[in-house]
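Here are the chains, one letter per residue:
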Amino acid sequence: RTPIVVANPAATASGERYLVIPLSELGREFNGAALKGEPKVAEYPGGKELAVPAQLNRFPGGSELALKLSSIPAHSAKTVYLVHAGTKAASPAAIRVKKLGEGFILDNGRLTLVCTATNGKLFDQVSLDGVELGAFAPLVWQKLRENLWVAPDKVERYELYQGPVCTAIDFTISRSGQGDV
């Protein structure tokens, strides 16, 4: 077991929190290839094992461990343990993923995100409770002789990581033509 100590220096309880830790910060024995399946993380209040929702996001630039932690009292710390023998997570993710041509649809029952992956927009449609709010396209700041905010025009690739803690998406986007981003 590897201990992970999480502190709350605030004067109030932290409330339920999500914590993302790059595996590189946990030591060299941890890397995305070495951990098989979903990680097992637990805390031991009063000596009794209590599972902590966790998932491993295997991003190309480095894997990360995502945790969902219960509240930490004010001016306190909590120790959770990464158990080296990986086990499959018991709880399913609350977000449904549906394939859509080259893209996908993410839906949690209230928020719906549609990515067609046919242009530079990360999400072509964002809807809340059935009401379309718009789209989401990132902009890149080009500081040349004048400030320019340019949008990508292509989703090169994306990868979805879904587990019991969260759904993460790693996008690679680009802009073609003069002034490539």
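Everything quoted here is computed from the prediction, not taken from an experiment.

Rules of the game
Residues numbered from 1 in each chain as written. Predicted model: local features only at pLDDT ≥ 70, side-chain atom pairs only at ≥ 80, totals over all residues. Heavy atoms only, no water. Helix = DSSP H or I, 4+ residues; strand = E, 2+ residues; numbered from the N terminus. Buried < 20%, exposed > 50% of the residue type's maximum accessible area, 1.4 Å probe, protein only. Areas by Shrake-Rupley, 256 points an atom, 1.4 Å probe, with all protein chains shown as cover. Contact = heavy atoms within 4.5 Å. Pairing = 2+ DSSP bridges. Axes fitted to C-alpha atoms, helices over the stretch in contact; angles between N-to-C directions.

Enquirer: What is the right way to look at the overall build of the protein in this model?
Expert: Helix and strand content of the protein: zero helices and 16 strands. Within the protein, the fraction of its 181 residues that count as buried is 34%. As presented, the protein carries roughly 11,000 Å² of accessible surface, and 54% of it is formed by carbon and sulfur atoms.

Enquirer: Whenever I open this one, the environment of A51 confuses me. Can you help?
Expert: Take A51: it is sitting in strand β4 (residues 50-52). Sequence spacing of A51 and V41 is ten residues, and the spatial spacing of their C-alpha atoms is 6.2 Å. Apart from residues lying up to four places away in sequence, A51 is in contact with V41 and A42.

Enquirer: It is not clear to me how the sheet that holds strand β1 (residues 2-8) should be interpreted in this structure. Could you clarify?
Expert: If you walk across this open sheet you meet the four strands as β1-β7-β3-β4, and the pairing is antiparallel. The sheet is open, and its two edges are formed by β1 and β4, each paired on a single side. Sheet twist, expressed as the mean angle between neighbouring strand axes with direction ignored, is 35 degrees.

Enquirer: Please explain unusual backbone geometry as it appears in this structure.
Expert: The bulk of non-glycine residues show a negative phi, and the bulk of peptide bonds are trans. In this structure, H75 takes a positive phi of about 50 degrees despite not being glycine. Locating H75 in the fold gives a position in the loop between β6 (62-69) and β7 (76-83). With a relative accessible area of 59%, H75 lands in the exposed category. For D129, which is not glycine, the phi torsion reads 50 degrees and is therefore positive. Following the sequence through the fold, D129 ends up in the loop between β11 (123-128) and β12 (131-136). Taking relative accessible area as the criterion, D129 reaches 46% and is therefore assigned partly exposed.

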